Amino acid sequence: MALNGKTAVVTGAALGIGRAITEILVQNGAKVALLDVNEAEAKALKKALDKQYGQEKTIVIKCDVESEEQIKAALQKTADTFGGIDIVCNNAGILNEGEWEKTVSINVLGVIKVTYLALKHMNKLTGGRGGVMVNTASMAGLGPFLTCPVYSATKHAVVGFTRSMALASAVSDYGIRFNAVCPGFVETDLKVKFPFKLGQFSHLSDVGKEMVEQMGTIQPSVVAECVLELVTDETKNGDHLLVKHNEKSYVTFPEVL
Ligand SMILES: NC(=O)C1=CN([C@@H]2O[C@H](COP(=O)(O)OP(=O)(O)OC[C@H]3O[C@@H](n4cnc5c(N)ncnc54)[C@H](O)[C@@H]3O)[C@@H](O)[C@H]2O)C=CC1
Ligand SMILES: CCCCCC(=O)/C=C/C=C\C=C\C=C\[C@@H](O)[C@@H](O)CCCC(=O)O
């Protein structure tokens, strides 16, 4: 998929991995709707992108992925502004074991809500142009993350949802591919806040630190390059790209069904 003339929606676009995804999509010719609760940082990113690529390439829409109403309005504004939606990056997410219900609400329900509402715009069976959705899961969605059980559960949910949607879409001829990126430890605010977000597992903070020291960290731009690959490679559907400190590989899942 060439990105020129394509429209992307990125949730959690203002900072971290979402910022890097936004930047690489604009750099490669896409128009991007930046959805985030942090409107100020999203506007700051737009200001920087405007200087380099022109102000018509991006819009900022304040949107909390916990709110179906805000998602619906943001997707409609995107479609009205750019003429349709081709790409969705479900990236918004938090890590907070102390507020684990909120973590589930954003990381799981938010991904489902955005996916199902975006389907209405993208599904070829309902007048859409088809396209691709890339979800930001995690290495914690492929195995245990002992310091953050609920966060790991949310990312396992994203993996299962992505794989299932990929099959459902293919069989239903929606014309939409579904993939996920599964990073290890990435240098973002989420990582910095980690020691203060462990709730009842705060006693395991040093274990997390040791894991990072053993595994190393990744720059957001490296994750964004993987997302670009999952967006543009039209052979990828139901694929999960695992991104470690110095390597990336496609996940092979056991055949169970
Ligand atoms: N930082 C890491 O080590 C890793 C992060 N991830 C995932 O990457 C995604 C992005 O995380 P980071 O860039 O690290 O975090 P971050 O905290 O740097 O950025 C998250 C962005 O999402 C926005 N956001 C938070 N809640 C939101 C909501 N309810 N609605 C809309 N926007 C919201 C924030 O305002 C922020 O701009 C998350 O899904 C996270 O789980 C996956 C693997 C590793
Ligand atoms: C194997 C599970 C990988 C899970 C990757 C993921 O989805 C989320 C990771 C979140 C952050 C973990 C960060 C741990 C950081 C520690 O090193 C902490 O002590 C960092 C303190 C602040 C800093 O960044 O220096």
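Residues numbered from 1 in each chain as written. Chains lettered and ligands numbered in written order. Predicted model: local features only at pLDDT ≥ 70, side-chain atom pairs only at ≥ 80, totals over all residues. Heavy atoms only, no water.

1. Looking at the site of ligand 2
Of all residues adjacent to ligand 2, which total 16 residues, the nearest are Ser 138, Tyr 151, Leu 190, Lys 191 and Phe 194. In this structure, an oxygen atom belonging to ligand 2 sits 2.6 Å away from a side-chain N or O atom of Ser 138. Lys 191 has a polar side-chain atom sitting 2.8 Å from an oxygen atom of ligand 2. Taken by itself ligand 2 offers 660 Å² of open surface, and the protein chains cover 84% of this. Taken together, the elements giving at least two residues each to the shell around ligand 2 come down to helix H6 (189-193) and helix H7 (205-215). (Near = heavy atom within 4 Å. Polar contact = N/O pair within 3.5 Å; in protein donor to acceptor, adjacent residues only side chain to side chain. Areas by Shrake-Rupley, 256 points an atom, 1.4 Å probe, with all protein chains shown as cover. Helix = DSSP H or I, 4+ residues; strand = E, 2+ residues; numbered from the N terminus.)

2. Let's talk about the packing of aromatic side chains
With the rule as written, the count across this model stands at four aromatic pairs. Residues Phe 145 and Tyr 151 carry aromatic rings whose centres are separated by 6.2 Å and whose planes lie at 70° to one another, so their mutual orientation is edge-to-face. The buried category is assigned to Tyr 151, whose relative accessible area is 9%. Geometrically, the ring pair formed by Phe 145 and Phe 194 is stacked, given 6.3 Å between the ring centres and 20° between the ring planes. Taken together, the residues Phe 145 in the loop between strand S5 (131-136) and helix H5 (149-172) and Phe 194 in the loop between H6 and H7 connect sequence positions 49 residues apart. Each of the two residues, Phe 145 as well as Phe 194, counts as buried. The structure contains a cluster of three or more aromatic residues connected by ring pairs, namely Phe 145, Tyr 151, Phe 185 and Phe 194. Lying over the aromatic face of Tyr 250, Lys 236 brings its terminal NZ or CZ to 4.1 Å of the ring centre. (Phe/Tyr/Trp six-rings, centres within 6.5 Å; stacked < 30°, edge-to-face > 60°. Buried < 20%, exposed > 50% of the residue type's maximum accessible area, 1.4 Å probe, protein only. Lys NZ or Arg CZ within 6 Å of the ring centre and 35° of its normal.)

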